[in-house]
Protein chains: 2
Amino acid sequence: MIRHIVLFTWKADATDEQRAAVTAELGRLPGLIPQLRSFTVGGDAGINQGNHDYAVVADFDDVDDYVVYRDHPEHQAIIAERIRPILASRAAVQLEL
Amino acid sequence: MIRHIVLFTWKADATDEQRAAVTAELGRLPGLIPQLRSFTVGGDAGINQGNHDYAVVADFDDVDDYVVYRDHPEHQAIIAERIRPILASRAAVQLEL
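Residues numbered from 1 in each chain as written. Chains lettered and ligands numbered in written order. Predicted model: local features only at pLDDT ≥ 70, side-chain atom pairs only at ≥ 80, totals over all residues. Heavy atoms only, no water.

A short note on helix α3 (residues 63-71) of chain B
Each α-helix winds once per 3.6 residues, and so residues spaced three or four apart point in a common direction.
All names here are of chain B.
Reasoning step 1: Listing the buried residues of α3 in full gives Asp 65, Tyr 66 and Tyr 69. Projection of α3 onto a plane perpendicular to its axis shows the buried side chains occupying an angular sector of 100°, all on one side.
Reasoning step 2: Next to the buried residues of α3 lie β1 (2-10), α2 (29-32), β2 (38-43), β3 (54-60), α4 (73-83) and β4 (87-96).
Reasoning step 3: Among the residues of α3, the N-terminal cap falls to Asp 62, whose side-chain oxygen and the backbone nitrogen of Asp 64 are separated by 3.3 Å. (Buried < 20%, exposed > 50% of the residue type's maximum accessible area, 1.4 Å probe, protein only. Helix = DSSP H or I, 4+ residues; strand = E, 2+ residues; numbered from the N terminus. Arc of directions from axis to C-beta. Contact = heavy atoms within 4.5 Å. Polar contact = N/O pair within 3.5 Å; in protein donor to acceptor, adjacent residues only side chain to side chain.)

Considerations on the side chain of His72(A)
All names here are of chain A.
Reasoning step 1: Mapped onto the secondary structure, His 72 falls in the loop between α3 (63-71) and α4 (73-83).
Reasoning step 2: At 3.0 Å, the side chain of His 72 forms a polar contact with the backbone nitrogen of Glu 74.
Reasoning step 3: Beyond its immediate sequence surroundings of up to four residues, His 72 is in contact with Leu 32 and Ile 33.

Considerations on the pattern of salt bridges
Reasoning step 1: In total, this model carries ten salt bridges over all chains according to the counting rule given.
Reasoning step 2: Look at the salt bridges and you will find they share partners, linking Glu25(A), Arg28(A) and Glu74(A) into a network. (Salt bridge = Lys/Arg side-chain N within 4 Å of Asp/Glu carboxyl O.)

A short note on the packing of aromatic side chains
All names here are of chain B.
Reasoning step 1: The tally for this structure, following the rule as stated, stands at twelve aromatic pairs over all chains.
Reasoning step 2: For the ring pair Phe 8 and Trp 10, a centre distance of 5.3 Å and an interplane angle of 25° mean the geometry is stacked. There is no split in this pair, since Phe 8 and Trp 10 are both buried.
Reasoning step 3: Centre to centre, the rings of Phe 39 and Tyr 69 are 6.0 Å apart; their planes meet at 70°, and the pair counts as edge-to-face. (Phe/Tyr/Trp six-rings, centres within 6.5 Å; stacked < 30°, edge-to-face > 60°.)

Focus on the interface of chain B and chain A
Reasoning step 1: Tallying the contact residues gives 28 residues for chain B and 28 residues for chain A.
Reasoning step 2: Both faces combined, the contact of chain B with chain A buries some 2300 Å², and carbon together with sulfur accounts for 61% of it.
Reasoning step 3: Looking only at chain B, the three residues that lose the most surface to chain A are Ile47(B), Val93(B) and Gln94(B), adding up to 22% of its buried area.
Reasoning step 4: Our count for the chain B to chain A interface comes out at zero salt bridges. (Buried area = accessible area lost by both parts, 1.4 Å probe.)

Digging into the relation of the copies chain B and chain A
Reasoning step 1: Here chain B sits on chain A after a turn of 180° about the axis and a move of 0.0 Å along it, with an RMSD of 0.0 Å. Such values leave the two copies arranged in the relation of a two-fold axis. Residues of chain B ranked by C-alpha distance from the rotation axis are headed by Ala91(B), positioned 3.5 Å from it.
Reasoning step 2: Take the interface residues of chain B: 100% of them recur as interface residues in chain A, which is what a same-surface contact looks like. (Least-squares fit on C-alpha atoms with pLDDT ≥ 70 in both.)

What to know about the UniProt feature "domain: Stress-response A/B barrel" (unreviewed entry) in chain A
Reasoning step 1: In the UniProt entry, the feature "domain: Stress-response A/B barrel" (unreviewed entry) is given for residues 2-95 of chain A.
Reasoning step 2: Helix and strand shares over residues 2-95 of chain A are 37% and 33% respectively, and the end C-alpha atoms of the span are 6 Å apart. (UniProt positions renumbered as here; feature names shortened; annotations may be inferred.)

What to know about the environment of Asn51(B)
Reasoning step 1: With respect to the secondary-structure elements, Asn51(B) resides in the loop between β2 and β3.
Reasoning step 2: Sequence separation of Asn51(B) and Thr15(B) is 36 residues, and the distance between their C-alpha atoms is 18 Å.
Reasoning step 3: Contacts of Asn51(B), omitting those with residues within four sequence positions, involve Ala92(A), Val93(A), Gln94(A) and Asp44(B).
Reasoning step 4: A distance of 2.8 Å separates polar atoms of two side chains, one belonging to Asn51(B) and the other to Asp44(B).

Observations concerning the sheet that holds strand β1 (residues 2-10) of chain A
All names here are of chain A.
Reasoning step 1: Strand order in the open sheet formed by four strands is β2-β3-β1-β4, with antiparallel pairing between adjacent strands. If you trace the sheet from one side to the other, it starts and ends with β2 (38-43) and β4 (87-96), each paired once. Direction aside, the axes of adjacent strands within the sheet are offset by 10° on average.
Reasoning step 2: In this sheet, β4 lies alongside β1 in antiparallel orientation, the contact comprising nine bridges. (Pairing = 2+ DSSP bridges. Axes fitted to C-alpha atoms, helices over the stretch in contact; angles between N-to-C directions.)

Right under this line is the structure:
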């Protein structure tokens, strides 16, 4: 299994509407990309100080399935139109489990 | 459910032995902290450039159970003795799912 993990911080001027649009748009992907075995996304719960703002955890059967997701045009459109305009920083890891 | 996600980068001079010790030591925690519902840890798979080096994804029933893990003395000892000496940067999010 491949577990893809990415954490974002948003720009200080990112609006609530822009942040919510990321979740709404990403939420369409499980219906479009059957290779997604599990998909959890959302904003930080606010338990600890100093955290990043947003997380995506996506599970796939193998690397090929992950690459289908990574390079999918609908996914790339969300990155370009919804994420990159408010993105301050990004941290990612793919785990092979 | 609370999903705790943390990504690390290691210092350039971190040895393979030091990196492996993090996984070995973290791997003891599910046996010590019954609040851990799921625990996946490991080094980046090397699929993409520019990634962080290491990931931890830990699931809990609720915030109280996560805090037991966060503050557990065995966990804190691993952070102090195994992680912090080779830590370059850290990014974390807790998701409420």
